[in-house]
Amino acid sequence: MAEYIDKLRNCEEFFWVNPGFVPPGAGQEEDIVDIDDAEARLLRFAPFIKRMFPEVEGGIIESPLTELDPIDGKGRLFLKQDSHLPISGSIKARGGIYEVLKLAETLAVEAGLLHWDPVTGEHDDYAKLGDPEMKEFFSRYKVAVGSTGNLGLSIGIISAAIGFEVTVHMSADARQWKKDMLRAKGVTVVEYPDDYEAAVAQGRREAQADPTCHFVDDENSLDLFAGYSVAGRRLRRQLDELGIKVDKDHRMYVYLPCGVGGAPGGVTYGIRDEFGEGAYCFFAEPTHAPCMALGLISGKLNGIAVGDIGIDGKTEADGLAVGRPSGLVAKAMQTQLAGCFTVEDEKLYPHLTALKDSAGIFIEPSACAAFEGLQYICSDAFAPSPDEHSIHVIWATGGNMVPEDEKTAYYERGKK
């Protein structure tokens, strides 16, 4: 452990295999959330999503799975384009939108304005939630969230569409264009000179003082986690359509950028639940903000922050600029995560440029951190190692909503 703590303290790149990892199917999985319930709720809301966001096909918020150039002798390579998820263009559209939809359903059912029987499954057409009288009802309630950017976008956009009064508490790391976009949609944005943890803490305090306010807690929310976990079911269907199976002889390696941990943790949980034996997930973090790696390697989980060992937490990967991991996720990942690795900021941009040149796809710098995992897994740093029957999935977490001038600047930086 001391070796890795020194590497963390010195902001060095490294790959760590989790000694506490329990291979999928090898032990009793802990039931953290009900994935069936979460998927059913998203299906109920499909008519509402289709009404409010006509561009969302069938009202189902899902992203493409795109095949990239294969890796010689090590299997096929895919890009899961959550960077292009409808509505808010990032992985946060999964958990963030789900939690706000569940809140709207709960309030409307309790007020007698919406019928849903959890026993029989009978329910109204949820498209009615977009009626003017429903929006007036929801305007009596507030939603708040602390964010480095992408979660704030997803919460802000869907809350404004439903009718909630919404406040996003944003850290200094958040990009200006994200703040501008939210304000343009009528969202109140509160900026803090401090880091992500301070923004979340302040948002939580203000919400606790207001009984009409619901705080979306990126560090501890089971509803966020449930929304993310549905991704495993969706990925299964996409792989089935391609005739690809995942089992002990056809292994899948998934690489996920990690900030506080909610999104990659929920996706990892959903993948293990859906695929079982043969699926292995790894987290990618910046060398200057490796909060999940620090929590897991030290064994202190969310009881330690990167600042405690002298790391500044400053990174170009703004969505990953988090100093302390989610306690909920860190606890679960002690046995569910196969490993993690850290990445220097300057390595993000060449991946961004190469992907744009080879596949015509743009993803934001923080999403590019996942690509660095391939070098470790494909050099047999992890067992079982991949072969020609394996697949690798790079989980692109954001990028589609980045303004064109910033896309160009990122691309040119990668060329240099």
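Cut-off values and rules
Residues numbered from 1 in each chain as written. Predicted model: local features only at pLDDT ≥ 70, side-chain atom pairs only at ≥ 80, totals over all residues. Heavy atoms only, no water. 1 Å grid on protein atoms, 1.4 Å probe; cavity = no way out; pocket = protein on both sides within 12 Å on 5 of 7 lines; lining within 4 Å. Points joined across faces, edges and corners; volume = space filled by probe spheres on them. Helix = DSSP H or I, 4+ residues; strand = E, 2+ residues; numbered from the N terminus. Nonpolar A, V, L, I, M, F, W, Y, C, P; charged D, E, K, R; others polar. Buried < 20%, exposed > 50% of the residue type's maximum accessible area, 1.4 Å probe, protein only. Contact = heavy atoms within 4.5 Å. Polar contact = N/O pair within 3.5 Å; in protein donor to acceptor, adjacent residues only side chain to side chain.

**Q** Even after reading the chapter, I still don't get the layout of surface pockets, so can you show me in this structure?
**A** Picture a little ball the size of a water molecule; that probe, rolled over the atoms, points out where space is still empty. Taken as a whole, the largest pocket encloses approximately 240 Å³ of empty space. Taken together, Leu68, Asp69, Ile71, Leu77, His351, Ala354, Leu355, Ser358, Ala359, Phe371 and Leu374 make up the full set of residues lining the largest pocket. For the lining of the largest pocket, the element with the highest residue contribution is helix α14 (residues 348-359), accounting for five residues. Per-class residue counts for the lining of the largest pocket are eight nonpolar, two polar and one charged.

**Q** Can you walk me through unusual backbone geometry in this structure?
**A** For residues other than glycine, phi is negative in most cases, and the peptide bonds are mostly trans. Ala383 connects to Pro384 through a cis peptide bond whose omega is 5 degrees. Within the secondary structure layout, Pro384 lies in the loop between α15 (373-377) and β11 (391-396). Here the phi dihedral of Cys11 falls at roughly 55 degrees; this positive angle occurs in a residue that is not glycine. Relative to the helices and strands, Cys11 resides in the loop between α1 (2-9) and β1 (15-17). Phi is positive for Ile87, which is not a glycine, with a value near 80 degrees. Exposure remark for Ile87: the relative accessible area of 12% places this residue in the buried category.

**Q** What's the story with the environment of Ser154 in this structure? I'm lost.
**A** Tracing the backbone through its elements, the reader meets Ser154 in helix α6 (residues 150-162). Separated by 184 residues in sequence, Ser154 and Ala338 place their C-alpha atoms 29 Å apart. Setting aside its immediate chain neighbours within four residues, Ser154 contacts Ser88, Lys92, Ala93, Gly96 and Ile97. Side-chain polar atoms of Ser154 contact the backbone oxygen of Lys92, separated by 3.2 Å.

**Q** Would you mind showing me how to read the environment of Asp82 here?
**A** Note that Asp82 resides in the loop between β3 (76-81) and α4 (92-110). For Asp82, a relative accessible area of 0% puts it in the buried group. A sequence separation of 277 residues divides Asp82 from Ala359, and the C-alpha atoms of the two residues are 16 Å apart. Setting aside chain neighbours within four positions, we find Asp82 in contact with Ser63, Gly89, Ser90, Ile91, Arg94, Trp395, Ala396 and Thr397. At 2.7 Å, the side chain of Asp82 forms a polar contact with the side chain of Ser63.

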